[in-house]
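Structural overview for review
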Amino acid sequence: FRIIQRNLEGRRIVVFSHSFGTYLVAQAVKRLIDKNDIDLTLVLCGSVLRSNFDWSFLDGKNVKIINDCGDSDYVLWGSQAVALGLGMAGKVGFYGFNNKKVTNRFFCGSHSLYFEGNDFMEKYWIPLLADSTIYQDVDDRPDAKLSEVAVQGVINILAWAKPFVYLSILALAVSALCSMLKT
C-alpha cells in the first residue's frame, strides 16, 4: 500500500472499472486520495455503488468521475434490491451530481454494453487516455416505460427494507439456535 502511495504522487491516472470493481475502486480511492496529490479520472461503468454515494472525500482534490450508465442494466436492480451497501448508480446515475467533478452519461444498453465490440471504447474511453478533460455528455435514454418506473419503485422500497429483512432473518436464526440448544 505504501509503495503504491509513493508512486502515485504527481501523476495523471485514469482508472476504468466495471460492476463490483467500481465499489472496490471507490473504497481504494478513499484510502489513497488523502495522502496523494494526483490527477485522477475514474471511469465507472455498470456501477454497483449507491446513487447517493458520498463523494465528499474528493472535495478539493483533482479528481474527475465519469459514470457511464446503461438504461437496460437490470442486473443492477438485483444489486439495489438484495446486496447490503450496494445500489444501481450504473443504471440511474449519481443523484445530485452532474458537474465538473461528477458526470453521469446515459446509454442504451445492458450491463455489458461497454464491451460489445470496440466502438464504445474507441468513441468514449480512448480519448480520455490522451486528455481526461475531453469527454462527451451523453443521454441516449428513451422515455421511461410506466412498467419500468413501477418496477424501479418496488426495487427502491426493497432496498430501503433490506437491512430490516436481514436483521429479522438473523434474529430468527439466533432464536431457533437458542431453542435448539435448550432442548
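Section: the pattern of salt bridges
Following the criterion strictly, the structure yields three salt bridges and no others. We note a salt bridge from arginine 141 to aspartate 139, for which the minimum N-O separation is 2.7 Å. Residue arginine 141 is classed as partly exposed on the basis of its relative accessible area of 37%. Residue aspartate 139 is classed as partly exposed on the basis of its relative accessible area, which comes to 45%.

Some words on a nonpolar patch on the surface
On the surface, Val82, Leu84, Val165, Tyr166 and Ile169 cluster together into a nonpolar patch covering about 440 Å² of accessible area. With three residues, helix H6 (residues 146-182) is the single largest residue contributor to the nonpolar patch. Looking at the element boundaries, tyrosine 166 is found in helix H6.

Quick word on the sheet that holds strand E4 (residues 102-107)
The parallel open sheet is built from four strands, whose spatial order is E1-E2-E3-E4. The sheet is open, and its two borders are formed by strand E1 (12-18) and E4, each paired with just one other strand. Neighbour-to-neighbour, the strand axes of the sheet open up by a mean angle of 15 degrees, direction not taken into account. In this structure, E1 lies alongside strand E2 (residues 39-45), joined through seven bridges in parallel fashion. When the sheet's bridge partners are listed, serine 17 is paired in E2 with leucine 44. Across the face of the sheet, helix H5 (residues 119-130) comes into contact with E1, E2, strand E3 (63-70) and E4 while running at roughly 150 degrees to E1.

The rules we used
- Residues numbered from 1 in each chain as written.
- Predicted model: local features only at pLDDT ≥ 70, side-chain atom pairs only at ≥ 80, totals over all residues.
- Heavy atoms only, no water.
- Salt bridge = Lys/Arg side-chain N within 4 Å of Asp/Glu carboxyl O.
- Buried < 20%, exposed > 50% of the residue type's maximum accessible area, 1.4 Å probe, protein only.
- Patch = residues over 30% accessible without salt bridge, like charges linked within 9 Å, V, L, I, M, F, W, Y side chains within 5 Å.
- Areas by Shrake-Rupley, 256 points an atom, 1.4 Å probe, with all protein chains shown as cover.
- Helix = DSSP H or I, 4+ residues; strand = E, 2+ residues; numbered from the N terminus.
- Pairing = 2+ DSSP bridges.
- Axes fitted to C-alpha atoms, helices over the stretch in contact; angles between N-to-C directions.
- Contact = heavy atoms within 4.5 Å.

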